[in-house]
Amino acid sequence: MTKPSALPGHSAEKPMREANDSYDDMAAQGLQKMGYQQELTRSRGLFHILFMTLAIMAVPFGLAAPIATSLIGGGPATMIWGWVLISITTQPLALSLAEICSKYPTSAGAYYWCFRLTSPGRRLLSSWINGWLTMVGVWTISLSVTFGTAQILVAGVGIFHPEWVPTAWQTYLVFLGITITSTLIGVFLNRTLPIIDIICACWTALGVVVILVCLSVKAASGRHSAGFALGHFDPSFSGWTPGWSFFIGLLPPAYTYAAIGMVASMAEEVHNPSVQLPLALAWSIPISFVVGLIFLLPILFTLPDIPTLLAVPGGQPIGVLFELIMGSKGGGFGIWLIVFGIGMFCAISICCAASRATWSFARDKAIPLHKFWSKVNHPLGDVPLNAYLLSLAVQLLLGLIFLGSTAAFNAFVGVAVICLGASYAMPIAISLANGRKDMEDCPFSLGRWGFAINLFAVLWTAFEIVLFSMPAVIPVTQISMNYASVVFVGFAAISAVWYLINGRSNYQGPPLPEEISTDERNSTTSSHSKLPAMAHVSTTD
């Protein structure tokens, strides 16, 4: 009788499981050396984490949701060449993050990297600032994705009911349903999330091919020459000078790549994070670039009248755009459904990553009621349930702002790009200031090109922060004003006040590994007038 181990595929699965178990043991030991216990289950390999990174970027969704900004910023030329430019300029950032992540593969991510790279006297404040930049960034980028998906759903309804103009509270209820659904899937299907990421990759790949074929064949609103699709530039809708108008139109591609570093929050659920996470980060940009080209080109060659698209009630023209190109409501709805599905997959993945970032920061006692938020629910499959619920609550509360001011709410997209960009740039800049001496033994090393790559990443991120604080159109009105800088300063003030009230006396930063000398440990804590800190294994205490 044939043994089960001799069945086709079974003999191959067993060595793979054994290899993963071996990697898991080594990863857990490495995590313990960084001062943390293994609390989450390592269930993701290279392709799982790569597909999750691509799901978070969600290129067709990221380019489609804020497409009106690209149309205002110049139209076809801004859309295609902006995508090329941002893809090229984001690659150095991805490589820089991959290098640091390979040395410090923990869900704490950038604030842990700042803590380890900063001098002992300043590392507590450095990690605190970065941690709150990360928190604001992951919460607002998750909010923008779930709300953007809600607006795309409303646009889909508008295909069949163009006379319906949803009120603010109706849009909020749609957002409520999408956000809660995404959270419930992440909580109760945690073990299935790696498979969902694979399904997302297949959906996206097949979807952009379907979009390419269908739009190219139908072209009901007419076809354009290559000169128009690749070179037409009209900055008149923004009111800015042509050069600055082009940069304003870069928000959609920059928004698409804004959450690239969030995948670091999944480090403690990856089998071999020192190798697999950097590879996922490095390859996600080239893959996304190709997907973006396949998605954009058929739209640009068949683009309907731009003023018509910008006049759509509610400001989300994607449903009308597909309907006009396909020449029928059914055809437009079919193409719309592809983008909406990608948005839902993105919402699931990004809410998952946000919960891990929240859990990790609470684990290091930086969030009020940290004992509660840092608990892990083991019966559900090692899910940081309470952190999930905190992230959900923050999104729902911030979403209420939409009921009072759509302009203030729209600022959160810019705030997400600013906060996440700043949180990524900080550890890279600190490493540069240290002469990159901490990067010499990284498993994923940039070698002699490291300094130039790091420097470009920091400078470009600084430029983006300034860029996305500017209004999209001028003259500026109460509605068109970009409140991103105001919201950013508001969150900064809140984190500063909390540091003075609680953080200064209770926040000890991430745990220091045993190989750090006692003198350095004492230097870190004494400079903040605190009791001597011991390397600790962070759990829920």
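Computed from a prediction, not measured in an experiment: that's the story for all the values here. (Residues numbered from 1 in each chain as written. Predicted model: local features only at pLDDT ≥ 70, side-chain atom pairs only at ≥ 80, totals over all residues. Heavy atoms only, no water.)

Peer 1: Can you help me understand the packing of aromatic side chains in this one?
Peer 2: Geometry of an aromatic ring pair is reported as the spacing of the ring centres plus the angle between the planes. Inspection of the entire model under this criterion finds 23 aromatic pairs. Taking 5.3 Å as the distance between ring centres and 45 degrees as the angle between the ring planes, the aromatic pair formed by Trp 460 and Phe 463 counts as tilted. Of this pair, Trp 460 and Phe 463 are both found in helix α21 (residues 450–467), three residues apart, which corresponds to roughly one turn of the helix. Looking at Trp 460, the relative accessible area reads 13%, which means it is buried. What makes Phe 463 partly exposed here is its relative accessible area of 25%. The side chain of Arg 363 reaches across the aromatic face of Tyr 36, ending 3.8 Å from its centre. (Phe/Tyr/Trp six-rings, centres within 6.5 Å; stacked < 30°, edge-to-face > 60°. Helix = DSSP H or I, 4+ residues; strand = E, 2+ residues; numbered from the N terminus. Buried < 20%, exposed > 50% of the residue type's maximum accessible area, 1.4 Å probe, protein only. Lys NZ or Arg CZ within 6 Å of the ring centre and 35° of its normal.)

Peer 1: How do you make sense of a nonpolar patch on the surface when you look at a structure like this?
Peer 2: Taken together, Trp 169, Leu 173, Leu 397, Leu 400 and Leu 403 make up a surface patch of nonpolar side chains, about 510 Å² in accessible area. Turning to its location among the elements, Trp 169 is positioned in helix α8 (residues 168–188). (Patch = residues over 30% accessible without salt bridge, like charges linked within 9 Å, V, L, I, M, F, W, Y side chains within 5 Å. Areas by Shrake-Rupley, 256 points an atom, 1.4 Å probe, with all protein chains shown as cover. Salt bridge = Lys/Arg side-chain N within 4 Å of Asp/Glu carboxyl O.)

Peer 1: Where do I start with α8 in this structure?
Peer 2: Structural remark: α-helix, 3.6 residues per turn; residues separated by three or four positions point the same way. Helix length check: α8, at 21 residues, gives a terminal C-alpha distance of 30 Å against a target of 30 Å (1.5 Å per residue), a fit within 8%. When α8 is considered as a whole, its buried residues turn out to be Thr 171, Tyr 172, Phe 175, Ile 178, Thr 179, Ser 182, Thr 183, Gly 186 and Val 187. Down the axis, α8 shows its buried residues gathered within 160 degrees of arc, on one side only. Facing away from the buried side of α8 by more than 90 degrees, the exposed set consists of Trp 169 and Phe 188. Buried residues in α8 make contact with α7 (123–160), α9 (193–218), α16 (329–363), α18 (385–399) and α19 (401–404). (Expected span 1.5 Å × (residues − 1). Arc of directions from axis to C-beta. Contact = heavy atoms within 4.5 Å.)

Peer 1: Explanation requested: the pattern of salt bridges in the structure shown.
Peer 2: A pair can form between side chains of opposite charge whenever their charged atoms are brought close. Enumeration according to the criterion identifies six salt bridges in this entry. For Arg 44, the salt bridge goes to Glu 269, with nearest N and O atoms at 3.4 Å. Here Arg 44 is found in the loop between α1 (10–33) and α2 (46–57), whereas its partner Glu 269 is found in the loop between α12 (251–257) and α13 (273–301), with 225 residues between them in sequence. According to the relative accessible area criterion, Arg 44 is buried, its value standing at 1%. Taking relative accessible area as the criterion, Glu 269 reaches 2% and is therefore assigned buried.

Peer 1: Would you mind going over the nonpolar core with me for this structure?
Peer 2: Nonpolar side chains tend toward joint burial in soluble globular proteins. Counting 158 residues, the largest nonpolar core has Trp 113, Ile 141, Met 262, Phe 295 and Phe 322 as the members making the most contacts within it. Considering each element in turn, this core owes the most residues, 19 residues, to α16. Aside from chain neighbours lying at most four places away, what touches Met 262 is Val 138, Ile 141, Ile 350, Ala 353, Ala 354 and Tyr 424. (Core = buried A, V, L, I, M, F, W, Y, C linked by side-chain atoms within 4.5 Å.)

Peer 1: Explain the side chain of Ser 349 to me, please; I cannot follow it from the model alone.
Peer 2: Tracing the backbone through its elements, the reader meets Ser 349 in helix α16. The exposure class assigned to Ser 349 is buried, which follows from its relative accessible area of 3%. Leaving out residues up to four positions away in the same chain, Ser 349 has contacts with Met 52, Ala 55, Ile 56 and Asp 197.

Peer 1: So what exactly am I meant to see when it comes to the packing of α9 against α16 here?
Peer 2: Contact geometry of α9 with α16 gives a least axis separation of 9 Å together with a crossing angle of 155 degrees. Put simply, α9 runs roughly antiparallel to α16. Here α9 and α16 pass one another in a crossing that is left-handed. Facing α9, whose interface residues are Leu 193, Ile 196, Asp 197, Ile 199, Cys 200, Trp 203, Thr 204, Gly 207, Val 210, Ile 211, Cys 214 and Leu 215, α16 presents Ile 335, Leu 337, Ile 338, Val 339, Gly 341, Ile 342, Phe 345, Ile 348, Ser 349 and Cys 352. For the contact of α9 with α16, the class distribution of residues is 17 nonpolar, four polar and one charged. (Axes fitted to C-alpha atoms, helices over the stretch in contact; angles between N-to-C directions. Parallel < 35°, antiparallel > 145°, perpendicular 65-115°, else oblique. Left-handed = near helix turned anticlockwise from the far one by under 90°. Nonpolar A, V, L, I, M, F, W, Y, C, P; charged D, E, K, R; others polar.)

Peer 1: Is there a simple way to think about the environment of Ala 258 in this case?
Peer 2: Counting through the fold element by element, Ala 258 comes out in the loop between α12 and α13. Its relative accessible area of 9% is what places Ala 258 among the buried residues. Here the alpha-carbon distance between Ala 258 and Pro 513, two residues 255 residues apart in the chain, equals 31 Å.

Peer 1: Even after reading the chapter, I still don't get the packing of helix α15 (residues 318–326) against α16, so can you show me in this structure?
Peer 2: Helix packing geometry: the angle between the two helix axes and the distance between the axes. Contact geometry of α15 with α16 gives a least axis separation of 7 Å together with a crossing angle of 135 degrees. Between α15 and α16, the interaxial angle falls into the category oblique. In terms of crossing hand, the pair formed by α15 and α16 is right-handed. In contact with Phe 322, Glu 323 and Met 326 of α15, α16 contributes Lys 329, Gly 331, Gly 332, Ile 335, Trp 336 and Val 339. A per-class count over the contact of α15 with α16 returns five nonpolar, two polar and two charged.

Peer 1: Would you explain unusual backbone geometry in this entry?
Peer 2: Residues other than glycine seldom take positive phi values, yet Ala 219 does so here, at roughly 45 degrees. The phi torsion at Asp 382 lies on the positive side, around 60 degrees, for a residue other than glycine. Among the secondary structure elements, Asp 382 is positioned in the loop between α17 (370–373) and α18.

Peer 1: Is there a simple way to explain the confidence of the model for the chain in this structure?
Peer 2: Do not read the fine detail of predicted coordinates wherever pLDDT is low. The share of residues in the chain with pLDDT of 70 or more is 90%, and the mean pLDDT across the chain is 88. Note on residues 1–10: pLDDT is under 50 here. Beyond four places in sequence and across chains, it has four contacts. (pLDDT = per-residue confidence, 0-100.)

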